[in-house]
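The lines below spell out each chain.
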Amino acid sequence: MAMERELLKHLAKKPATMLYPFEKYQPIEGTRAKIEIDVTKCIGCGTCVFDCPAFALEMVGKGLTCDMKWYPMQCVYCGQCVESCPRNAIKQTDEFALANTKKEELIYEFKRPKNE
Ligand code: SF4
Ligand code: SF4
């Protein structure tokens, strides 16, 4: 009887699931997803690379001339790099749909403007 009661109760409710990707999913506040690096703020200290537990960040070059790479397939989205960066150059957006069939497109490069 308890099961029937539960069944009837849920008949009138909207489904808890959604038809993603046909329906747009609105990430909840505080979602930690895609990394963005503002290399114009970066001083190339390497702290983010050193602190990343998943080896998902790479510095290309040195110091104030370096570019950065982020490997989302390795990233565990912990947010440590955001915490560690002394220049607030890294932020974590709520953009979560990063799937791609081309592996080479799953490396994000953040290049410094040439005139810097
Ligand atoms: S979120 Fe965590 S795992 Fe991902 S790049 Fe930053 S420190 Fe590394
Ligand atoms: S911690 Fe910040 S300033 Fe240092 S290399 Fe990483 S992004 Fe650049």
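Residues numbered from 1 in each chain as written. Chains lettered and ligands numbered in written order. Predicted model: local features only at pLDDT ≥ 70, side-chain atom pairs only at ≥ 80, totals over all residues.

For the rest of this paragraph, the subject is the site of ligand 2. Around ligand 2 there are 13 residues in total, and Cys42, Cys45, Thr47, Cys48 and Cys85 lie nearest to it. Looking at the shell around ligand 2 residue by residue, the classes come out as 8 nonpolar, 4 polar and 1 charged. (Near = placed C-beta within 6 Å. Nonpolar A, V, L, I, M, F, W, Y, C, P; charged D, E, K, R; others polar.)

Attention now moves to the site of ligand 1. Around ligand 1, the structure places 13 residues, and the nearest of them are Cys52, Cys75, Cys78, Gln80 and Cys81. Class assignment of the residues belonging to the shell around ligand 1 gives a composition of 11 nonpolar, 2 polar and no charged.

Right, let's get into unusual backbone geometry. At the junction of Tyr20 and Pro21, the peptide bond is cis and its omega measures out at 10° in the coordinates. For Pro21, the location among the structural elements is in the loop between α1 (2–11) and β1 (35–37). Even without glycine at this site, Tyr77 takes up a positive phi of about 60°. You can see Tyr77 is positioned in the loop between β3 (67–70) and α3 (80–84). (Helix = DSSP H or I, 4+ residues; strand = E, 2+ residues; numbered from the N terminus.)

All right, on to the nonpolar core then. What tends to happen in soluble globular proteins is that the nonpolar side chains get buried as a cluster. Core analysis: the biggest nonpolar cluster contains 16 residues, and Ile37, Leu57, Met68, Trp70, Cys81 and Ile90 have the highest contact counts within it. Elements represented by at least two residues in this core include exactly β1 and β3. If we ignore the near neighbours within four places in the chain, the residues touching Leu57 are Cys48, Val49, Cys52, Met68, Trp70 and Cys81. (Core = buried A, V, L, I, M, F, W, Y, C linked by C-beta atoms within 7 Å. Buried ≥ 20, exposed ≤ 12 C-beta atoms within 10 Å, placed from the backbone. Contact = placed C-beta atoms within 7 Å.)

A separate point is the sheet that holds strand β5 (residues 108–110). Strand pairs in the sheet, formed through backbone hydrogen bonds, run parallel or antiparallel to each other. As summarised here, the arrangement of the 3 strands in space is β2-β3-β5, forming an open sheet in which the pairing is antiparallel. Bordering the open sheet on either side are β2 (57–60) and β5, each of which pairs with just one other strand. Strand-to-strand twist in this sheet, taken as the mean axis angle between neighbours without regard to direction, amounts to 20°. As paired strands, β3 and β5 are joined by 3 bridges and run antiparallel to one another. Counted as the bridge partner of Trp70 is Tyr108 from β5. (Pairing = 2+ DSSP bridges. Axes fitted to C-alpha atoms, helices over the stretch in contact; angles between N-to-C directions.)

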